[in-house]
Amino acid sequence: MVLRSGRLRLHVGASKLHRWLALIIGVQLLLWFSSGLLMSILPIERVRGEHLVARENTATIDPAQEFASPASVLGAALGPVRELRYTTLFGQPVAELTMANGTVRMHDARTGLPMQRIDAPFALRVARAAYRGPGVPVASVMFARTASTEFRGKLPVWRVEFEDAETTRVFVSPENGRIVGVRTGTWRLYDFFWGLHIMDWKNHENFNTPWMMAFAAGGLALAVAGVVLLYMRWPRRRQRKVQGVHDVAA
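Just so it is clear, the structure is predicted and the values come from calculations on it, not from any experiment.

What counts and what doesn't
Residues numbered from 1 in each chain as written. Predicted model: local features only at pLDDT ≥ 70, side-chain atom pairs only at ≥ 80, totals over all residues. Heavy atoms only, no water. Helix = DSSP H or I, 4+ residues; strand = E, 2+ residues; numbered from the N terminus. Buried < 20%, exposed > 50% of the residue type's maximum accessible area, 1.4 Å probe, protein only. Contact = heavy atoms within 4.5 Å. Expected span 1.5 Å × (residues − 1). Core = buried A, V, L, I, M, F, W, Y, C linked by side-chain atoms within 4.5 Å. Salt bridge = Lys/Arg side-chain N within 4 Å of Asp/Glu carboxyl O. Pairing = 2+ DSSP bridges. Axes fitted to C-alpha atoms, helices over the stretch in contact; angles between N-to-C directions. Phe/Tyr/Trp six-rings, centres within 6.5 Å; stacked < 30°, edge-to-face > 60°. Lys NZ or Arg CZ within 6 Å of the ring centre and 35° of its normal.

Draft legend 1. Layout of the side chain of Asp108. Tracing the chain through its elements places Asp108 in strand S3 (residues 104-108). Here Asp108 falls in the buried class, since its relative accessible area comes to 14%. Look past the residues within four positions of Asp108 in its chain and what remains in contact with it is Gln92, Pro93, Leu113 and Met115.

Dropping the structure here:
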């Protein structure tokens, strides 16, 4: 009787726990499964907007061209430099200086003199040159100074918005003219479900929220209770004990 009573209490307890946990976290479980399925279906290249915007500048430096020496470039720098690299910007050779404080400054590679920061017309030019979508949609430029769910990188930044089917937004660094972000309708759909998946409904970036940890623990407890119920309810053949059969046969 004690064994039977213990098994019964375990059965009833696991059943109640499984039922209540299913009611409490069932909706979030559906969101986890549906969002995970959607994010696995969407091609990551499309999420990044690679079908609409080519981020990388593939222009190469002409080795026969004369450049200012690194010493002269560093001498014109306004502060300690952590890194110096030569590259191109719309065919113009430039020296890109990463300062000790992390900021980036551009110098003319031929003269070594500092260049002006990237302005709105130049940012628009960069975005238009990288755009690979159909047609030539109207574009607008704004200087974003505050973080948003679409861009949480280094600020401020130029935001170029194209009036196309996906409302494509290209973020251009005012320091070096590089594209630092591309946001499309596909990216926004992916980001929305990502926020639901990690349960960070505001910023869509914190994976260690208390809600996430609590519901993950609840999901684990739900699974354990389900395994216990499966074990308890699994059909078994009852072995009938026949006593004295051999004696009678004898």
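Let's pick the thread back up.
Draft legend 2. Quick look at helix H6 (residues 210-233). The terminal C-alpha atoms of H6, which comprises 24 residues, lie 34 Å apart, in line with the 34 Å expected from a rise of 1.5 Å per residue. Every buried residue of H6 is accounted for by Met212, Phe215, Gly218, Gly219, Leu222, Ala225, Leu229 and Met232.

Draft legend 3. The arrangement of the nonpolar core in detail. Val53, Val160, Phe162, Val170, Val172 and Ile179 are the most contacted members of the largest nonpolar core, which has 20 residues in total. Put simply, the parts of the chain that give this core at least two residues each are S3, helix H4 (120-130), strand S5 (157-162), strand S6 (169-172) and strand S7 (179-183). For Val160, the residues in contact, after removing those within four places along its chain, are Ala123, Leu124, Ala127, Ala139, Ser140, Val141, Thr168, Arg169 and Val170. Counting eight residues, the second largest nonpolar core, distinct from the first, contains Ile25, Trp32, Phe215 and Leu222.

Draft legend 4. The environment of Pro70, seen in detail. With respect to the helices and strands, Pro70 occurs in helix H3 (residues 70-76). Taking the C-alpha atoms as reference, Pro70 lies 9.0 Å from Ala109; in sequence the two are 39 residues apart. Setting aside residues up to four positions removed in sequence, Pro70 forms contacts with Leu84 and Tyr86.

Draft legend 5. Representation of the environment of Thr88 within the structure. Take Thr88: it is sitting in strand S1 (residues 81-89). The sequence separation of Thr88 and Ala109 amounts to 21 residues, and the corresponding C-alpha distance is 8.9 Å.

Draft legend 6. Layout of unusual backbone geometry. With omega at -5°, the peptide bond leading from Leu155 into Pro156 counts as cis. At Thr167, a residue that is not glycine, the phi angle is positive and equals roughly 45°. Looking at where Thr167 falls in the secondary structure, it is placed in the loop between S5 and S6. Here Met199, not a glycine, exhibits a phi torsion of approximately 60°, which is positive. Within the secondary structure layout, Met199 lies in the loop between helix H5 (185-198) and H6.

Draft legend 7. Spotlight on the pattern of salt bridges. Evaluation of the coordinates by the stated rule reveals 11 salt bridges. Residues Glu161 and Arg169 are paired through a salt bridge, measuring 2.9 Å at the closest nitrogen-oxygen approach. On the basis of relative accessible area, Glu161 is assigned to the buried category, the value being 17%. Where salt bridges share partners, they join Glu150, Arg159, Glu161, Arg169 and Arg188 into one cluster.

Draft legend 8. Region of interest: the sheet that holds S3. Here we have three strands laid out as an open sheet, ordered S1-S2-S3, and antiparallel in their pairing. If you trace the sheet from one side to the other, it starts and ends with S1 and S3, each paired once. Averaged over all pairs of adjacent strands, the angle between strand axes in this sheet comes to 25°, irrespective of strand direction. Relative to strand S2 (residues 92-99), S1 is paired through eight bridges, and the arrangement is antiparallel.

Draft legend 9. Looking closely at the packing of aromatic side chains. Counted according to the given criterion, the structure contains six aromatic pairs. Their ring planes at 85° and their centres at 5.5 Å tell us that Phe90 and Phe122 sit as a pair that is edge-to-face. Placement of the pair is Phe90 in the loop between S1 and S2 and Phe122 in helix H4, with a sequence separation of 32 residues. Assessed through its relative accessible area of 32%, Phe90 is described here as partly exposed. Ring geometry for Phe151 against Phe171: centres 4.8 Å apart, planes inclined by 15°, an arrangement best described as stacked. One end of the pair, Phe151, is in the loop between strand S4 (139-144) and S5; the other, Phe171, is in strand S6, and 20 residues separate them in sequence. Classification of Phe151 by relative accessible area gives buried; the value is 4%. Here Phe171 falls in the buried class, since its relative accessible area comes to 2%. Its end group placed over the ring of Phe90, Arg125 keeps NZ or CZ at 4.2 Å from the ring centre.

Note that all results are geometric; they support no functional claim without further evidence.
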